There are 4 protein chains.
Amino acid sequence: MCGIFGIVQAESSQSLGLPVGCLSGLAVDGLTALQHRGTESSGLVGADGVERQHMDIVKGHGLVRDVYTSENIGKFNDSVILIGHNRYSTSGKKSGINCVQPFVVYTAVGCVAISHNGELVDAKKKRLEVLHQGVGLSTDTDSELIGQMIAKAVALNYKCRRDHDPGDISRELAVTVSAFSTSYSLLVMTYDRFYAVRDPYGNRPLCVGTIYNSSSTEALAYCAASESCAFPSTAKLDFELQPGEIVELSKNGIKSVCQMKPHTPSAMCIFEYVYFARNDTIMEGQQVQTVREACGKQMALEDQIEADIVSNVPDSSTAAAIGYSIQSGIHYEPCLHRNPYVGRSFIQPSNELRVSAIKKKFGVLKKNVEGKRIVLIDDSIVRGNTMSALVKVLREAGAKEVHLRIASPPLRFACFMGINIPTREELVAANRDIDQVTQFIGADSVKYLSVEGLQHAVQSGIDKSDTKFEVGHCTACLTGNYPVNVDF
Amino acid sequence: MCGIFGIVQAESSQSLGLPVGCLSGLAVDGLTALQHRGTESSGLVGADGVERQHMDIVKGHGLVRDVYTSENIGKFNDSVILIGHNRYSTSGKKSGINCVQPFVVYTAVGCVAISHNGELVDAKKKRLEVLHQGVGLSTDTDSELIGQMIAKAVALNYKCRRDHDPGDISRELAVTVSAFSTSYSLLVMTYDRFYAVRDPYGNRPLCVGTIYNSSSTEALAYCAASESCAFPSTAKLDFELQPGEIVELSKNGIKSVCQMKPHTPSAMCIFEYVYFARNDTIMEGQQVQTVREACGKQMALEDQIEADIVSNVPDSSTAAAIGYSIQSGIHYEPCLHRNPYVGRSFIQPSNELRVSAIKKKFGVLKKNVEGKRIVLIDDSIVRGNTMSALVKVLREAGAKEVHLRIASPPLRFACFMGINIPTREELVAANRDIDQVTQFIGADSVKYLSVEGLQHAVQSGIDKSDTKFEVGHCTACLTGNYPVNVDF
Amino acid sequence: MCGIFGIVQAESSQSLGLPVGCLSGLAVDGLTALQHRGTESSGLVGADGVERQHMDIVKGHGLVRDVYTSENIGKFNDSVILIGHNRYSTSGKKSGINCVQPFVVYTAVGCVAISHNGELVDAKKKRLEVLHQGVGLSTDTDSELIGQMIAKAVALNYKCRRDHDPGDISRELAVTVSAFSTSYSLLVMTYDRFYAVRDPYGNRPLCVGTIYNSSSTEALAYCAASESCAFPSTAKLDFELQPGEIVELSKNGIKSVCQMKPHTPSAMCIFEYVYFARNDTIMEGQQVQTVREACGKQMALEDQIEADIVSNVPDSSTAAAIGYSIQSGIHYEPCLHRNPYVGRSFIQPSNELRVSAIKKKFGVLKKNVEGKRIVLIDDSIVRGNTMSALVKVLREAGAKEVHLRIASPPLRFACFMGINIPTREELVAANRDIDQVTQFIGADSVKYLSVEGLQHAVQSGIDKSDTKFEVGHCTACLTGNYPVNVDF
Amino acid sequence: MCGIFGIVQAESSQSLGLPVGCLSGLAVDGLTALQHRGTESSGLVGADGVERQHMDIVKGHGLVRDVYTSENIGKFNDSVILIGHNRYSTSGKKSGINCVQPFVVYTAVGCVAISHNGELVDAKKKRLEVLHQGVGLSTDTDSELIGQMIAKAVALNYKCRRDHDPGDISRELAVTVSAFSTSYSLLVMTYDRFYAVRDPYGNRPLCVGTIYNSSSTEALAYCAASESCAFPSTAKLDFELQPGEIVELSKNGIKSVCQMKPHTPSAMCIFEYVYFARNDTIMEGQQVQTVREACGKQMALEDQIEADIVSNVPDSSTAAAIGYSIQSGIHYEPCLHRNPYVGRSFIQPSNELRVSAIKKKFGVLKKNVEGKRIVLIDDSIVRGNTMSALVKVLREAGAKEVHLRIASPPLRFACFMGINIPTREELVAANRDIDQVTQFIGADSVKYLSVEGLQHAVQSGIDKSDTKFEVGHCTACLTGNYPVNVDF
């Protein structure tokens with residue numbers, strides 16, 4: 001998980017006189033809208049469309065709102081093109097600042113910047129190859145590896161580029177990325193344009209759009225993003241990239257420049273729907289919140305339980321809970337209040353006083369819970385500790401029964417394509433059957449959505465006529481069916 | 001608005017061996033749970049039950065999670081009693097650090113600490129009196145004024161205190177606070193106990209409770225808080241203070257030590273129900289979320305509109321929207337996604353590109369909105385700018401009709417009792433009739449809950465047998481009927 | 001030890017159009033020049049000459065260069081008068097921010113600000129009096145105590161002040177300070193003027209001056225400071241305050257308004273010459289560096305030793321070393337390099353590797369030391385640990401003999417008048433005779449300047465015709481002769 | 001200018017049980033002692049002697065004392081070898097954090113770290129070569145360029161390394177550095193050893209030493225540094241590297257492993273003696289302070305002036321002033337006090353009030369200056385602005401005559417070997433004869449030391465028998481005679 005965003009000023013907009021700092025402001029807004037995809041660090045790189053040997057960079061650890069200031073953003077006053085990146089901490093440890101993307105590399109044709117969302121399953125082998133070719137690497141990031149391979153391709157091709165548009169590195173980029181199977185959605189920027197690349201499996205989302213002026217008649221800028229929610233309100237979502245597609249965005253507009261042979265069916269990560277993407281994002285033509293409501297409905301279809309209320313775990317599972325309520329006819333009523341201000345706990349637990357972080361984070365709406373049979377909906381369970389504590393809290397508040405319904409199938413396998421799932425030992429469902437999970441959680445009953453149910457909820461809303469290739473989804477973390485061979 | 005919290009270790013708990021740092025940890029947790037009442041600054045003061053000339057203090061600007069660290073909280077390792085305060089910025093400007101409460105003052109009987117929630121309507125006159133008595137003041141806070149008056153009372157009474165328990169300042173406190181009408185809920189601490197004081201109008205909430213060990217048999221600590229949501233999960237809400245009541249909390253328990261003549265009917269701020277209090281707080285015996293749902297239901301009863309969906313403005317008006325949906329039978333469906341990560345905007349507005357902060361904060365669930373007639377519920381409207389922008393966003397996303405329903409009456413008058421309402425010029429409803437408000441907002445229709453409807457929703461759930469005095473609510477900001485004479 | 005500085009714009013300067021921010025800039029420069037008198041914290045308070053109920057305040061911990069920023073200094077753009085304070089940490093612990101001076105207090109006639117250098121020997125008794133009069137105190141600082149006493153005096157006198165200039169509190173100030181014997185140099189500011197006060201013993205220095213425009217014809221501002229080195233280069237030192245003198249500085253100039261009965265002879269702290277004051281300060285009409293050179297010469301007169309070089313401990317004892325060299329005819333040659341960048345040490349000492357902080361701070365000039373008999377001059381010795389380490393370092397570098405000469409008498413007694421001298425147990429000379437000190441330090445010989453020698457060096461350069469009263473110096477820390485009775 | 005330091009634990013020390021954290025503590029101390037060579041940023045890299053794929057890194061902007069904390073230094077608890085770097089800001093702009101050295105690069109044989117002092121005159125050409133070989137560069141630093149060339153050499157040689165000690169990259173290092181003429185002193189570290197490299201011109205200093213236990217019998221660690229002042233007090237300076245020498249430091253000791261053909265005569269930067277090096281450093285066998293005193297003496301020999309006092313500009317020119325005083329027989333007396341606490345100025349200059357930063361930084365000892373003819377010694381003049389202000393200050397304080405003597409020849413040419421000299425336009429002496437300089441400065445007379453005089457002062461103290469090759473010094477900035485061809 002990570003979020004990427006790129007923007008380039010349209011030629012026509014120059015006559016319209018976009019205010020100074022507008023483009024970088026839009027870029028910061030785009031990254032803010034993608035904050036849910038990564039909160040460890042953020043970076044932006046800008047180029048001025050003329051100078052090839054210099055790009056401006058702002059990077060930092062923490063939230064977008066803390067990394068960018070009106071002072072440092074001033075660096076981008078001359079930028080006509082920017083790409084950015086929000087990093088998700090996969091290890092829990094803060095990475096060194098030189099691992100913060102976008103990664104910038106000087107090559108024989110000037111600076112190239114790279115933003116990467118995903119995880120290259122072939123990275124380890126490729127990395128050794130590069131090192132033995134005599135190229136040093138300064139980080140262990142996939143984006144540096146890609147950068148060095150582009151630098152190599154550019155140098156090899158240097159003589160043939162004589163009459164070439166200097167900012168055009170589409171051929172070198174295609175050569176480089178075709179060395180990798182999955183998973184990557186990339187933005188690659190030269191001094192005057194950037195490329196959006198989606199891997200042949202379509203594992204991570206990527207879309208492009210046009211920002212219009214307020215009367216919607218003239219294009220001001222073109223942009224690309226992990227999710228459509230990153231586009232400003234005056235933008236139009238032009239299209240989502242096909243698996244294996246490379247698109248060029250420049251002042252002249254959006255142009256598809258390459259289509260690698262896609263893997264069929266495609267293998268977009270199904271957990272984007274379950275957990276990662278923002279409710280208001282349009283993905284494969286459908287609204288994520290609608291899919292989540294459909295998951296809740298499907299769960300109700302697969303379920304028979306008598307209860308007084310359906311409730312959610314704020315804020316992630318509200319859509320599924322509403323869907324379940326509609327389908328089951330059981331009244332939707334919140335039973336938990338989430339405190340958005342919680343920090344770390346200073347209390348050492350003791351026998352006398354069991355105070356858990358969960359209880360600080362969630363307050364119980366006692367009057368809604370007392371004497372009730374509750375269907376509690378969550379989107380997924382990882383380790384099960386939070387849910388176990390919540391069930392206990394509800395019982396202490398007087399709940400008569402707590403029936404847990406998970407709007408996705410059990411998480412049982414590791415992901416090697418960019419999602420930080422704990423090891424199998426830690427996954428509550430990896431080594432437990434449903435009775436054991438129920439006992440661990442302490443609920444009256446636990447039910448998961450079936451894999452087929454999830455696939456149905458996700459795929460039934462997709463307009464097949466929209467896509468050139470056969471649509472599929474990666475369910476590896478649920479089924480163990482990996483779309484590629486993975487070296488363990 | 002502000003949040004106050006106090007805690008004192010029970011005598012019995014000493015044999016149980018509460019871990020070091022537990023008491024201050026509970027205090028931080030209490031302030032965290034009251035964070036919604038004030039985010040400008042936070043402070044904690046602790047005493048060790050023995051030394052009268054010293055209290056430990058930690059104060060800082062910002063959120064509770066940023067003010068307290070495991071390092072500075074270590075100061076309280078010997079504390080057996082603490083009071084704290086979260087400050088709400090009334091002016092928008094950050095106050096000096098010496099205005100951060102609790103306020104600590106050395107007096108003839110040792111240190112006294114004060115946490116104040118409310119605003120003294122008689123402060124200006126009293127302040128002049130004190131200055132002309134030859135007492136200098138170092139801030140313009142009400143809490144320092146109260147502190148100096150206690151110091152004076154203590155010195156006057158010093159000789160009569162000979163055989164007196166040195167930490168007992170109940171008489172001096174009663175003399176001091178009886179000089180003020182409203183509004184104040186106070187915590188006042190000496191070296192071994194603290195007092196909870198609610199003003200004779202009961203304008204601000206205040207309650208006390210007991211924290212038990214996990215088997216709920218022995219009291220570990222006694223605490224007081226603005227709202228019951230601040231008590232840990234092993235606590236029992238003992239009672240809410242009567243208007244004019246003074247309660248002492250010490251290692252020996254909770255004891256009512258004084259009952260000032262209350263104003264009847266009482267005048268608790270009705271906006272606590274509408275806006276301030278947390279959903280899971282119990283106030284006047286009822287759950288705040290339930291009252292808000294009742295407001296939504298009442299709104300539906302007062303309304304006749306045909307629509308496709310009822311929706312909320314996340315997260316504040318969810319309860320009212322659910323109530324409206326239940327009563328009206330119109331389907332509840334969210335239409336806005338709130339981004340919790342927004343920071344400041346770097347874009348200067350231009351004609352070409354209308355980008356508003358509102359659109360960054362809220363994403364639209366387009367598929368839920370397109371072609372729909374929407375009843376949009378909010379809890380209140382102040383200036384109307386946010387709502388006006390939201391209505392525009394919904395229309396751009398394809399909404400057919402947007403009918404705004406406010407689950408409280410129009411805000412038309414200033415508050416002089418602690419709530420930061422803008423001047424009348426800024427209040428959208430102060431100088432506009434309903435048609436003008438509708439036009440300003442740009443909705444198809446706007447309706448407010450009636451004052452009687454709000455009072456009914458608030459008061460019908462109160463168990464009158466629970467209260468000694470006649471129950472009433474201050475509606476000054478809605479009606480202009482101030483419970484006291486106010487010098488303008 | 002502390003440093004105080006005040007400045008008020010001259011009436012004439014208004015026509016000259018001093019640039020905005022100039023006055024506060026001069027105040028920051030003045031405090032910067034006084035940084036050696038206190039590095040724990042710094043504060044500035046400004047008034048605009050019109051508004052009596054408000055003063056602007058900037059305070060912070062750390063160095064002047066870190067406390068003031070171009071942003072916070074902007075608060076003073078309307079100020080026509082400012083007083084400031086640098087605090088010396090007497091305890092090693094950082095004080096709370098509300099102890100950072102100047103202290104500001106609202107009184108019946110408006111705001112009053114106080115900067116205090118010194119330590120009131122009568123504080124404890126006076127403090128109890130004030131508390132029992134019913135006045136609360138929020139800190140344990142002398143400046144708050146003085147502030148409350150001024151507030152009291154102002155209120156008592158309020159009715160008689162009818163026709164009075166509202167900013168004039170000279171009478172009330174005189175009443176207040178006459179309650180204290182020593183030690184204090186004070187700046188006390190109202191909205192349009194400030195007072196400089198020196199105690200009847202003259203224990204701490206204080207002087208006033210006029211800042212001229214570059215052609216030295218028109219007064220731009222009037223200022224007061226602990227030392228003349230704080231005045232800008234275009235200023236003229238007008239005079240040093242007499243013991244017991246109160247001077248008013250306003251837009252109309254500098255005016256002596258009160259002369260309390262002085263203690264004779266006066267008792268200025270002799271350690272100001274030995275250690276505290278800056279070399280380029282003029283004190284009692286003489287340059288401090290000249291006095292220090294005289295101390296070195298006197299030391300040489302009292303000494304007979306054969307040696308190859310005279311050397312200093314950089315940077316404090318250079319003047320004394322030069323004086324010694326001139327008088328003795330022994331060549332001056334540095335033997336130590338001081339590293340200005342040292343921070344804390346990360347090495348835990350072990351037997352194998354004796355690395356001391358001293359060796360990090362000082363590098364040895366080996367080629368100057370090898371085989372040499374060295375007279376090493378220092379200005380004073382407190383605990384003796386640094387000197388002991390330095391002697392060892394010099395021996396390791398090949399010094400043949402190291403003879404330590406201290407240009408002041410042994411420190412043997414505590415100071416109760418504002419200087420932070422360790423307890424007697426820690427003072428190397430308090431309980432050791434000269435042989436024991438020599439052994440402790442490890443030098444070949446140790447000699448101190450005699451008390452008479454120091455007094456001679458200090459007093460022989462004073463122009464007696466300049467002073468109205470008999471000149472004397474407090475030598476309590478050297479002789480135990482305290483100028484006042486001190487409650488131990 | 002930059003400072004480099006490296007340290008490796010001796011095998012024997014392991015039995016002696018060096019405390020954990022001792023080695024990194026010594027490294028921080030070494031960098032602290034080299035702080036004068038660079039204050040922009042600092043970095044340390046450590047390896048544990050076993051793991052080849054990982055090095056620990058701590059880097060930051062600012063002073064050594066701010067970059068390293070007891071927390072981050074804990075990373076090095078397992079390190080048995082560390083190299084570090086202090087960076088001098090050549091441009092005034094703060095470099096990006098990934099430019100902070102040491103630079104770490106993964107290669108085919110594991111991690112390699114590089115600390116570089118100097119500036120490669122051939123960098124631009126070499127850089128293009130590398131880019132066209134298809135290697136991307138992420139910074140514009142010389143150290144990354146060297147790192148990539150080592151990575152290349154290592155990969156080319158990979159097969160031949162079969163039976164090779166994996167940490168030994170001496171051959172690859174020799175191949176790499178021989179591609180560059182000057183200027184570089186390098187430390188290059190693998191997982192278990194590091195190399196010290198001095199360029200064939202000997203342009204930058206570099207020396208190695210052994211740290212003994214306190215009884216000086218057993219080696220605890222081996223270290224290398226830009227200057228001998230970086231070694232702890234229990235260390236012995238073993239030798240200074242010959243021009244073109246490569247030395248290996250490992251747990252087994254210090255071993256010369258390669259001697260590149262040196263340029264004769266050598267061309268060590270003569271400005272190290274004039275300005276950069278620390279007074280207590282031993283360079284070419286002589287103490288820097290002694291050389292500076294010799295420059296002062298030589299200046300006096302070349303001069304005939306009648307004056308009352310010789311004075312210095314603190315703290316840089318004290319040694320030269322003492323030398324001049326000894327030779328001329330004119331009394332040495334300070335006339336300026338330097339305030340170590342100055343920060344930025346907040347005052348906008350105006351006609352009415354000329355306040356310069358110089359006057360804040362230096363206080364005048366008026367009594368020493370009044371009526372005196374002063375010989376003011378400085379070590380060098382760059383732009384002349386400071387000196388011009390100082391002369392004015394001395395005159396205002398009453399100086400009768402001010403004769404400026406510079407203990408080095410006029411700076412007239414740019415340096416391309418690592419010293420940040422302003423462009424010729426800014427150098428006061430580049431386009432002015434001595435009369436014009438005198439007029440610009442405003443002194444009564446100005447004299448510089450002759451080039452021959454400086455060379456004599458520097459070279460007469462060198463023991464020629466100590467060096468294998470002919471000794472010479474680079475005087476390019478004074479004479480325009482560059483030791484290599486430089487592409488302008």
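The name given to chain A in an unreviewed UniProt entry is Amidophosphoribosyltransferase, with Diploscapter pachys as the source organism. Looking at the Pathway (unreviewed entry) heading of the UniProt record, one finds this comment for chain A: "Purine metabolism; IMP biosynthesis via de novo pathway; N(1)-(5-phospho-D-ribosyl)glycinamide from 5-phospho-alpha-D-ribose 1-diphosphate: step 1/2."

Chemist: In this structure, what is going on with the overall build of chain A? I would like to understand it.
Modeler: Helices and strands together make up the secondary structure of chain A, namely 15 helices and 23 strands. Taking 2.2 N^0.38 as the reference for a compact globule, 488 residues should give roughly 23 Å; the C-alpha atoms of chain A span a radius of gyration of 24 Å, in line with that estimate. Across its three principal directions, the C-alpha atoms of chain A cover 75 × 50 × 50 Å. For chain A, with 488 residues in total, the buried portion stands at 58%. Taking contacts inside chain A between residues at least 6 apart in sequence as the whole, the part at least 24 apart equals 71%.

Chemist: What's the story with the pairing of strand E22 (residues 445-448) of chain D in this structure? I'm lost.
Modeler: Along any regular strand the residues' side chains alternate between the sheet's two faces. All names here are of chain D. Residues Val446 and Tyr448 of E22 are buried on one face, while the alternating residues Ser445 and Lys447, pointing to the opposite face, are not. Note that strand E21 (residues 401-406) and E22 share four bridges and pair parallel. The residue bridging arginine 405 from the neighbouring strand is lysine 447, located in E22. Taken together, E21, helix H13 (residues 434-441) and E22 form a β-α-β motif whose crossover is right-handed.

Chemist: Got a minute to help me understand the relation of the copies chain A and chain B in this structure?
Modeler: Each of the two chain copies can be brought onto the other by rotation about an axis and movement along it. By a simple turn and slide, chain A fits onto chain B: the slide is 0.0 Å along the axis, the RMSD is 0.1 Å, and the turn is 180 degrees. On the angle and the small slide along the axis, the relation comes out as a two-fold axis. The fraction of interface residues of chain A whose copies in chain B are also interface residues reaches 100%, indicating that both copies meet through the same surface.

Chemist: In this structure, what is going on with the UniProt feature "binding site: [4Fe-4S] cluster" (unreviewed entry) in chain A? I would like to understand it.
Modeler: Residues and elements named next belong to chain A. In this structure's numbering, the residues bearing the UniProt feature "binding site: [4Fe-4S] cluster" (unreviewed entry) are Cys269, Cys415, Cys474 and Cys477. A maximum C-alpha distance of 10.1 Å places the annotated residues, which cover 209 residues in sequence, within one compact spot. Along the chain, cysteine 269 turns up in strand E14 (residues 268-269). Using a count of 29 C-beta atoms within 10 Å as the deciding quantity, one classes cysteine 269 as buried. If we skip the residues at most four places from it in the chain, cysteine 269 touches Asn203, Arg204, Met417, Ile419 and Cys474. Among the secondary structure elements, cysteine 474 is positioned in strand E23 (residues 473-474). The exposure class of cysteine 474 is buried, given the 26 C-beta atoms found within 10 Å. Beyond its immediate sequence surroundings of up to four residues, cysteine 474 is in contact with Asn203, Ala267, Met268, Cys269, Ile270, Met417 and Pro483.

Chemist: Sorry if this is basic, but what is going on with the interface of chain C and chain B here?
Modeler: Size of an interface: often given as the accessible area lost when the parts come together. In this complex, chain C contributes 24 residues to the contact, which on the side of chain B involves 24 residues. Here the side of chain C that touches chain B takes six residues from helix H5 (residues 142-156) of chain C, the largest share from any one element. Considered class by class, the residues forming the side of chain C that touches chain B number 13 nonpolar, ten polar and one charged.

Chemist: Whenever I open this one, unusual backbone geometry confuses me. Can you help?
Modeler: Residues other than glycine predominantly adopt negative phi, and peptide bonds predominantly adopt the trans conformation. In this model, Pro314(A) is joined to Asp315(A) through a cis peptide bond whose omega is -5 degrees. Of note, Asp315(A) is situated in the loop between strand E17 (309-312) and helix H9 (318-328). For the bond running from Gln101(D) to Pro102(D), omega is -5 degrees, close enough to zero to count as cis. Checked against the element boundaries, Pro102(D) lands in the loop between strand E4 (81-87) and strand E5 (103-107). Unusually for a residue other than glycine, Glu284(A) sits at a positive phi of about 50 degrees. Along the chain, the position of Glu284(A) falls in the loop between strand E15 (282-283) and strand E16 (286-287).

Chemist: Help me understand the packing of helix H8 (residues 288-301) of chain C against helix H9 (residues 318-328) of chain C in this model?
Modeler: The description of two helices packed together rests on the angle between their axes and the distance between the axes. All names here are of chain C. Between H8 and H9, whose axes approach to 7 Å, the crossing angle comes to 45 degrees. Relative to H9, the element H8 lies oblique. As H8 packs across H9, the resulting crossing turns out to be right-handed. Taking contact as the criterion, the partners of Gln289, Arg292, Glu293, Ala294, Cys295, Gly296, Lys297, Met299, Ala300 and Leu301 in H8 are, on H9, Ala319, Ala320, Ala321, Ile322, Gly323, Tyr324, Ile326, Gln327 and Ser328. Broken down by class, the residue content of the contact of H8 with H9 amounts to eleven nonpolar, five polar and three charged.

So, how was this worked out
Residues numbered from 1 in each chain as written. Chains lettered and ligands numbered in written order. Predicted model: local features only at pLDDT ≥ 70, side-chain atom pairs only at ≥ 80, totals over all residues. UniProt positions renumbered as here; feature names shortened; annotations may be inferred. Helix = DSSP H or I, 4+ residues; strand = E, 2+ residues; numbered from the N terminus. Rg over C-alpha atoms; globule rule 2.2 N^0.38 Å. Buried ≥ 20, exposed ≤ 12 C-beta atoms within 10 Å, placed from the backbone. Contact = placed C-beta atoms within 7 Å. Pairing = 2+ DSSP bridges. Right-handed = clockwise from strand over helix to strand, strands pointing away. Least-squares fit on C-alpha atoms with pLDDT ≥ 70 in both. Nonpolar A, V, L, I, M, F, W, Y, C, P; charged D, E, K, R; others polar. Axes fitted to C-alpha atoms, helices over the stretch in contact; angles between N-to-C directions. Parallel < 35°, antiparallel > 145°, perpendicular 65-115°, else oblique. Left-handed = near helix turned anticlockwise from the far one by under 90°.

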